[in-house]
Amino acid sequence: MENWFSKEGPEQDVVISSRIRLARNFKDFSFPSLADKNAQQKVVDLAVKGALESGIENMTYVSMKDLPDIEKEYLVETHVISQDLKKSKLNSGIIVGDSSVSVMVNEEDHLRIQSVLPGLQLDKAYEECLKYERASVLQQNYAFTYEFGYLTACPTNTGTGLRASAMVHVPALVISGKINSVLDSCGKLGIAVRGMYGENSGSGAHMLQISNQVTLGQSEQEIIASMEDIIKQICVLERRARTALLESKGIYFTDRIYRALGTLKSARIMDSKEGLSLLSEVKMGLDLGILKGASTEELVTVLTNVQPACLQKMEGRVLSPEERDQERAKVLRESVKNIE
């Protein structure tokens, strides 16, 4: 599967990634939480047939019960699966192939079809999802009515079943205290704001997920266009806040960024929270041109790779918390050594 976080994307100084997710269910089966094992397996079989018909190369189904815990956590950290799927006791799994598309099978819905791309690319992510979603063997079995649209386990997803979301990096809005007014405005517009890993997760590295809450009463294209407009407005506000901090705080602001870089270059022990926070400030320094020596996509890759499961996957073994903190510091020192 493509690693979205190692690639360049538009508006990536603020928009880390874009994701489109389509919730789909099959009309002849109960929702996963109510279905028996036999029905769950039939859903898996149908999902695999859709993968074969999609034309996406090397699409493979992997059962969650066959994945080691560290691999599941890695997929959560890279936003391929949800926390709910990681913990699922159902006959569930993930379909991946040689594209940005992945499919969670028997999570809350029978299918959660998604594409994650770097930067602001909602339209392209939607087009990628359709390569799988429009397989005829799936189309003829979807639970759909002309009155309500696609039927889903959670009523808030009924309609298009589409969630358009973006991971945004907004350190200046947080530092300046302006983030609360932005969050209030999002709430009034029906936009959900969550942490890095979705609902009930924290805003590590000054990053937030924003997505539409309403999927009924608008077309897919209208939802995507509306979300893109809102994301672009957030980009404008964050860039203005960065410029304002640079102009008003001057040497104190640049000193903060250089101190973050200095710590990353010299620390021998680094936990996840501190590492992500310091990387966030260094990324802002690079985006503003204060620092040089690395690209935005390189910093996004580092932000991903220093998370616990990613670190252990790179190392090829399970690490104790103390070993992770030491390995993280080592990776960070190597990653920022050419930044000045």
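Residues numbered from 1 in each chain as written. Predicted model: local features only at pLDDT ≥ 70, side-chain atom pairs only at ≥ 80, totals over all residues. Heavy atoms only, no water.

Let's talk about the overall build of the chain
The secondary structure content of the chain amounts to 13 helices and ten strands. The C-alpha radius of gyration computed for the chain amounts to 21 Å, which stays within 12% of the reference 20 Å derived for 340 residues, consistent with globular compactness. Put simply, 70% of the contacts in the chain that link residues at least 6 apart link residues at least 24 apart. Of the accessible surface of the chain, which amounts to about 15500 Å², a share of 49% is contributed by carbon and sulfur atoms. One way to put it: in the chain the 40 positive side-chain charges average out to a point 3 Å from where the 46 negative ones average out. (Helix = DSSP H or I, 4+ residues; strand = E, 2+ residues; numbered from the N terminus. Rg over C-alpha atoms; globule rule 2.2 N^0.38 Å. Contact = heavy atoms within 4.5 Å. Areas by Shrake-Rupley, 256 points an atom, 1.4 Å probe, with all protein chains shown as cover. Lys, Arg positive; Asp, Glu negative; His and termini not counted. Charge placed at Lys NZ, Arg CZ, Asp CG, Glu CD.)

Let's talk about the packing of helix H10 (residues 272-288) against helix H11 (residues 296-305)
At a closest axis distance of 10 Å, the pairing of H10 and H11 adopts a crossing angle of 175°. As summarised for this structure, H10 and H11 are arranged roughly antiparallel, according to the angle between their axes. Listed contacts from H11 to Leu-276, Leu-279, Val-282, Lys-283, Leu-286 and Asp-287 of H10 are Thr-296, Leu-299, Val-300, Val-302 and Leu-303. (Axes fitted to C-alpha atoms, helices over the stretch in contact; angles between N-to-C directions. Parallel < 35°, antiparallel > 145°, perpendicular 65-115°, else oblique.)

Some points on unusual backbone geometry
Here Glu-11, not a glycine, exhibits a phi torsion of approximately 60°, which is positive. Locating Glu-11 in the fold gives a position in the segment before strand E1 (15-24). A relative accessible area of 30% means that Glu-11 is categorised as partly exposed. The backbone phi angle of Asn-58 is positive, close to 60°, even though this residue is not glycine. Looking at where Asn-58 falls in the secondary structure, it is placed in the loop between helix H1 (37-54) and strand E2 (60-63). (Buried < 20%, exposed > 50% of the residue type's maximum accessible area, 1.4 Å probe, protein only.)

Observations regarding the nonpolar core
By size, the foremost hydrophobic cluster in this structure holds 98 residues, and its most contacted members are Ile-20, Leu-111 and Tyr-132. The element contributing the most residues to this core is helix H8 (residues 220-249), with nine residues. Aside from chain neighbours lying at most four places away, what touches Ile-20 is Ile-113, Gln-114, Ser-115, Leu-122, Ala-125, Tyr-126, Cys-129, Leu-162, Arg-163, Ala-164 and Ile-224. (Core = buried A, V, L, I, M, F, W, Y, C linked by side-chain atoms within 4.5 Å.)

Some thoughts on H8
Taking 1.5 Å of rise per residue, the 30 residues of H8 would be expected to cover 44 Å, and the 43 Å separating its terminal C-alpha atoms lies within 8% of that figure. Two residues or fewer past H8, Gly-250 is found with a positive phi of approximately 50°. (Expected span 1.5 Å × (residues − 1).)

Here's the deal with the side chain of Gln-40
Counting through the fold element by element, Gln-40 comes out in helix H1. Excluding residues that lie within four positions of it along the chain, Gln-40 makes contacts with Pro-32, Ala-35, Leu-90, Asn-91 and Asn-106.

Details of the environment of Ser-320
Within the fold, Ser-320 resides in the loop between helix H12 (308-315) and helix H13 (321-336). Counting along the chain gives twelve residues from Ser-320 to Pro-308, while the straight-line C-alpha distance between them is 10.0 Å.

A closer look at helix H9 (residues 251-266)
For H9, built from 16 residues, the straight-helix expectation of 22 Å at 1.5 Å per residue is met to within 8% by its first-to-last C-alpha distance of 22 Å. For H9, the full list of buried residues reads Phe-253, Thr-254, Ile-257, Ala-260, Leu-261 and Leu-264. Seen along its axis, H9 keeps its buried residues to an arc of 120°; they face one direction. Facing away from the buried side of H9, by more than 90 degrees, are the exposed residues Ile-251, Tyr-252 and Arg-259. Where the residues of H9 are buried, they touch H8, H10 and H13. (Arc of directions from axis to C-beta.)

Looking at the environment of Leu-22
For Leu-22, the position within the fold is in strand E1. C-alpha separation for the pair Leu-22 and Ile-234, spaced 212 residues apart in sequence, amounts to 24 Å. Sequence-distant contacts of Leu-22, that is, excluding residues within four places in its chain, are made with Leu-111, Arg-112, Ile-113, Tyr-126, Cys-129, Leu-130, Glu-133, Gly-161 and Leu-162.

Structural notes on the sheet that holds E2
Sheet architecture is open: eight strands sit in the order E2-E3-E4-E5-E1-E8-E10-E9, paired in antiparallel fashion. On the outer flanks of this sheet lie E2 and strand E9 (191-194), each paired with one strand and no other. Strand-to-strand twist across the sheet, computed as the mean angle between neighbouring axes with direction ignored, equals 20°. (Pairing = 2+ DSSP bridges.)

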